[in-house]
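Observations on the model geometry
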Amino acid sequence: MTKDKTTKKAFSRRKFLTRGAVVLGSTVVATYFGMPFIRRYLAQTVENMDIGSMITSYDPDFWFEILDDNTILIRSPKVEMGQGIFTGFAMLAAEELEVPLSQIKVTHANTANGPVDSLSTGGSNSTSSLYEPIREVAASLREMLKAAAAQRWQVNVASIKVKDGVLSAGGKSITYAELAKTTKEWTKPKKPTLKPRSEFKYVGKDVPRIDLVDKVMGKPLYAIDHHYPDMLYAVLVQSPYIGGTLKKVNTKAAAATPGVVKILEEKTFTAIVAKTRYAAEMGLAALEAEWEVPKKWQKADFEATVTVGKGKAVNIQNVGNANSEIKTAGNKVFKQAYRTPLGAHAQMEPNGTVASYKDDKTEIVIGTQMPGMVRDRVAKAIGQKSKEVALEPAFAGGGFGRRMDVNNANEAALISKAVGKPVHVFNTREQEFQNSHYRPNTHHVLQAVINEKGDVTAITHDQATPDMVLESVAGDVGLAIFGADFLSAGHGASILYNVENRSTTLWQMKLPLKIGIWRSVGMFPNTFAVESFINELAHETKKDPLKMRLALLDGPEEINQRYQKVLKTLMKKSAWDAPKQPGIGRGVAIGNDRKSIAAAVIDVAIVDDAIVVKKVTHVIDAGVCINPNGIRMQVEGSIMMGISATLYEELSVEDGQLANNFLAYRLVTLADAPEIDITIVEGADIPYGVGEPPLAPIAPAIAAAVFDLTGKRLRSLPLQLDAAES
């Protein structure tokens, strides 16, 4: 299809720019209104923002390619990392293009020939941000094809019918593929008419994953499987100590290792390059390195650093006079503290890059959540223009935020340039654990005032956590404006309940290692703390914890109605009011993650002195449901990841070293899988995120269930019965 540069494009993809303007102009606003006001305003805005996308192009021929067999290829600017977005995108495109779903194929957009999303893949926004844009681009392509057919047959475009990728009028017909081959000039519509939901054929129905067969059959979809002819393999020398720098290195034995072809000692890295992956790793094992270690950190050091009262305090929520109420309430104040530990991503595929530098052009194959940014940084590192670097995103073998980083892409490109051949550069499993970015440990102190009637009149939440993304994204100026990372680390920290006086304050500090996004970002630790506290308040005031939530979340706003529907559905589905089975404890929690509401009732038992999750009843409202099958998969994955982080996961810190393998970092297994009952409700007319919100209620609901069964309060993750508090 040829591009028509004269026709204007009109799509709704610019919504984010409108919403983002408040952030871009925050320096001026802060100067006028005052820093505390603007920080609270931005924090509460971010809490409820369904973040859009920033796509480089919405030209239909940049997104779609009509193949010879009349199938249609979509180039996705979002990365598939197990969340099922390719299937959802195919469904949306099939609706507007009027073709069977089987005629749609989806692939990642190469940065050289497809749309690039400058905001990356994350924040559970892939489907929600592209729900209308994909339909609009597909509808534009449909109308362009209809206009071309009308021109060919000299008929009114309104007479053109479309069915299963075939256009017809007046007894004539032609396939999309035949028309695309022979048409040179195209007319783009200003604003195509979208199909109403009442006419959807696929959206809202269960559809199997379109990438399922390829994954089952072992097709090389992941970067680690990618291969170039005559490719070499490299391993970087990386510190096994927190903050360690290479003091001295002896490469003689490494260079003599069979299969090793070169030891690269550059200013910023050292690499062993070999004919095989095994040879590269053996060379790394033979290398003699001496490390400068400024301090041998311990777990206690991390907890002492991340503690409420230390670092910079930034208030992000202030309704009423909560802090004053707390100060003057005396013995009416109920107070508790909670902690969560350092966490690793522990994804199956280690991070790595396949790079090929040739004739002043660079090709990159990498499983990344941020293709555009990685391309730009590789270009800068290697001294090229961005257009000279073609990045092909691969399926990510586990993302969860771990691939929101450049990782070793720069080094891979530089090594390929130095050796003159394609190179495969991947972390070892030990390096993946010890040279990553991590979910930070957190500390939370919550206080509430309970009056004579047993009502909660004030709540404060003080949360201590390092910055997850703010400094890396916004720089020193952004950090000075915002004060604390309420974008990610503080996400979910605010009190969502209708309590007259409520306040949330973040305590910002730094840790000596790289902190980054972990699935659900701050929502996981913050919901654990806040919802655990609400469960304790229910017990303290002798109220039913689910019905207490119903009362505190009542109101006339749409969000309140959605809360009510989710909780009432949960009450019914879990048979909340029915007698419990012997030996079973039950707990409940709810979360609102960027407008998606998720709540769970969890049943636990104690087996051989260990906590065992027996059943999870989960209700989610993520607005319009594209693919119920995909949503259930996402919720199931979140539940299992939540159980894992609640019962097992803790990244140990000892003598300056972190846990470095799966033996030292326990994860959930299939043996831990409980009975799962998922209910999907639609409380809005547009879709919201699904990838992260279901995780929010898991930890506090398990903790509440343990208390219900044993009378023991567990306020630190991972939950351990021998660490119970009064």
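Here, the structure is the one placed above.
Residues numbered from 1 in each chain as written. Predicted model: local features only at pLDDT ≥ 70, side-chain atom pairs only at ≥ 80, totals over all residues. Heavy atoms only, no water.

Before going further, it helps to spend a moment on the overall build of the protein. Across its full length, the protein carries 21 helices and 26 strands. Relative to a compact globule of 726 residues, whose C-alpha radius of gyration would be 27 Å, the protein shows 27 Å and is just as compact. By its C-alpha atoms, the protein is 85 × 75 × 60 Å across when sized along the principal axes. Taking all 726 residues of the protein together, the buried fraction comes to 58%. Long-range pairs, those at least 24 residues apart, make up 78% of the contacts in the protein with a sequence separation of at least 6. Carbon and sulfur atoms form 52% of the exposed surface of the protein, whose accessible area is close to 30100 Å². (Helix = DSSP H or I, 4+ residues; strand = E, 2+ residues; numbered from the N terminus. Rg over C-alpha atoms; globule rule 2.2 N^0.38 Å. Buried < 20%, exposed > 50% of the residue type's maximum accessible area, 1.4 Å probe, protein only. Contact = heavy atoms within 4.5 Å. Areas by Shrake-Rupley, 256 points an atom, 1.4 Å probe, with all protein chains shown as cover.)

It is worth spelling out the pattern of salt bridges at this point. Counting across every chain of the model gives 38 salt bridges. Residue glutamate 536 pairs with arginine 713 through a salt bridge whose shortest N-O separation is 3.7 Å. Highlighted residues: glutamate 536 in helix 17 (residues 523-540) and arginine 713 in the segment after helix 21 (698-710), separated in sequence by 177 residues. Taken together, the shared-partner salt bridges in this structure form one network comprising Glu96, Arg135, Arg142, Glu143 and Lys146. (Salt bridge = Lys/Arg side-chain N within 4 Å of Asp/Glu carboxyl O.)

Attention shifts here to the sheet that holds strand 3 (residues 104-108). Strand order in the open sheet formed by 3 strands is 1-2-3, and the pairing between neighbours is mixed. The two strands at the open ends of the sheet, each matched to only one other strand, are strand 1 (64-66) and strand 3. Each adjacent strand pair in this sheet contributes to an overall mean axis angle of 25 degrees, direction not counted. Where strand 2 (residues 72-76) meets strand 3, 5 bridges bridge the pair, whose relative direction is parallel. Bridging across to strand 3, arginine 75 finds its partner in threonine 107. Across the sheet, helix 5 (residues 85-97) lies against strand 1, strand 2 and strand 3, angled at about 135 degrees from strand 3, the strand it touches most. (Pairing = 2+ DSSP bridges. Axes fitted to C-alpha atoms, helices over the stretch in contact; angles between N-to-C directions.)

Running from N to C, helix 17 and helix 18 (residues 545-552) point in directions that differ by 105 degrees, and their axes come no closer than 9 Å. In terms of axis orientation, helix 17 runs roughly perpendicular to helix 18. Contacts from Glu531, Ile534, Asn535, Leu537 and Ala538 in helix 17 reach Pro545, Met548 and Arg549 in helix 18. (Parallel < 35°, antiparallel > 145°, perpendicular 65-115°, else oblique.)

In this section: the nonpolar core. Membership of the largest hydrophobic core comes to 70 residues, with the highest contact counts inside it found for Ile459, Leu537, Leu546, Ile602, Ile611, Ile702 and Leu719. Once residues lying within four places of it in the same chain are set aside, the contact partners of leucine 719 are Phe528, Ile611, Thr646, Leu647, Ile702, Ala703 and Leu714. Ranked by size, the runner-up nonpolar core spans 51 residues in total, among them Ala93, Ala138, Leu145 and Ala180. (Core = buried A, V, L, I, M, F, W, Y, C linked by side-chain atoms within 4.5 Å.)

What follows concerns the environment of glutamine 463. Turning to its location among the elements, glutamine 463 is positioned in strand 19 (residues 456-466). Judged by its relative accessible area of 0%, glutamine 463 is buried. Expressed as a C-alpha distance, the spacing of glutamine 463 and alanine 493, which sit 30 residues apart in the sequence, is 7.4 Å. Not counting residues up to four positions away in its chain, the partners in contact with glutamine 463 are Val308, His443, His444, Ala489, Gly490, Thr505, Leu506, Trp507 and Asn526.

Its place among the elements puts glutamine 447 in strand 18 (residues 442-450). Judged by relative accessible area, glutamine 447 falls into the buried class, the value being 18%. For glutamine 447, the residues in contact, after removing those within four places along its chain, are Ile326, Val333, Phe334, Lys335, Ala458, Ile459, Thr460 and Phe533.

Glancing now at the packing of aromatic side chains. Scanning the entire structure with this criterion turns up 9 aromatic pairs. With a centroid separation of 5.5 Å and an interplanar angle of 65 degrees, the aromatic rings of tryptophan 297 and phenylalanine 302 are classed as edge-to-face. Both residues of the pair, tryptophan 297 and phenylalanine 302, belong to the buried class. Ring geometry for tyrosine 338 and phenylalanine 528: centres 6.1 Å apart, planes at 80 degrees, overall edge-to-face. Here the residue tyrosine 338 occupies a position in strand 13 (residues 333-340), and phenylalanine 528 occupies one in helix 17, the gap between them amounting to 190 residues. Phenylalanine 528 carries the same exposure label as tyrosine 338, and that label is buried. Among the aromatic residues, those joined into a ring-pair cluster are Phe86, Tyr222 and Phe395. Residue placement shows arginine 439 over the ring face of tryptophan 518; its charged tip is 4.6 Å from the ring centre. (Phe/Tyr/Trp six-rings, centres within 6.5 Å; stacked < 30°, edge-to-face > 60°. Lys NZ or Arg CZ within 6 Å of the ring centre and 35° of its normal.)

Glancing now at the sheet that holds strand 4 (residues 161-163). The antiparallel open sheet is built from 3 strands, whose spatial order is 4-5-6. Looking at which strands have only one partner, the edges of the open sheet turn out to be strand 4 and strand 6 (172-175). Each adjacent strand pair in this sheet contributes to an overall mean axis angle of 25 degrees, direction not counted. The pairing of strand 4 with strand 5 (residues 166-169) spans 3 bridges and is classified as antiparallel. Residue pairing for strand 5: valine 162 is matched across the bridge by leucine 167. Against the sheet, helix 6 (residues 126-153) contacts strand 4, strand 5 and strand 6, and its axis sits at roughly 40 degrees relative to strand 5.

Looking now at unusual backbone geometry. The residue after leucine 717, namely proline 718, is reached through a cis peptide bond having omega -10 degrees. With respect to the helices and strands, the residue proline 718 is situated in the segment after helix 21. A positive phi angle, near 70 degrees, is found at serine 120, a position not held by glycine. Checked against the element boundaries, serine 120 lands in the loop between strand 3 and helix 6.

Attention shifts here to the environment of glutamate 636. Within the secondary structure layout, glutamate 636 lies in helix 20 (residues 628-647). Once the C-alpha coordinates of glutamate 636 and glutamate 65 are considered, the two residues, 571 residues apart in sequence, prove to be 34 Å apart. Excluding residues that lie within four positions of it along the chain, glutamate 636 makes contacts with Ile676 and Ile678.

Bridge count for strand 14 (residues 352-358) against strand 15 (residues 361-366) is 6 bridges, and the pairing is antiparallel. Paired with alanine 355 across the two strands is isoleucine 364, which belongs to strand 15. In sequence, strand 14 turns back onto strand 15 through a hairpin of 2 residues, with aspartate 359 there showing a positive phi of about 55 degrees. Both strand 15 and strand 16 (residues 389-393) contribute to a ladder of 5 bridges, which runs parallel. When the sheet's bridge partners are listed, glutamate 363 is paired in strand 16 with alanine 390. Note that the unit made of strand 15, helix 13 (residues 371-382) and strand 16 has a crossover that is right-handed. (Right-handed = clockwise from strand over helix to strand, strands pointing away.)

Let us look at the side chain of asparagine 408. Looking at the secondary structure, you find asparagine 408 in the loop between strand 16 and helix 14 (409-419). There is a polar contact of 3.1 Å between the side chain of asparagine 408 and the side chain of threonine 353. Setting aside its immediate chain neighbours within four residues, asparagine 408 contacts Leu236, Asn351, Gly352, Thr353, Val425, Phe426 and Asn427. (Polar contact = N/O pair within 3.5 Å; in protein donor to acceptor, adjacent residues only side chain to side chain.)

Below, the discussion takes up the environment of threonine 646. With respect to the helices, strands and loops of the structure, threonine 646 is situated in helix 20. Residue threonine 646 is classed as buried on the basis of its relative accessible area, which comes to 0%. Along the backbone, threonine 646 and threonine 465 are 181 residues apart, and their C-alpha atoms lie at a distance of 18 Å. With sequence-adjacent residues up to four places away left out, threonine 646 is seen in contact with Phe524, Ile698, Ala699, Ile702, Leu717, Pro718 and Leu719.

Further remarks concern helix 10 (residues 277-286). Those residues of helix 10 that sit buried are Ala279, Ala280 and Gly283. Within helix 10, the buried residues cover an arc of 100 degrees as seen down the axis, which keeps them to one side. Relative to its buried face, helix 10 has exposed residues pointing more than 90 degrees away, namely Tyr278 and Ala285. (Arc of directions from axis to C-beta.)

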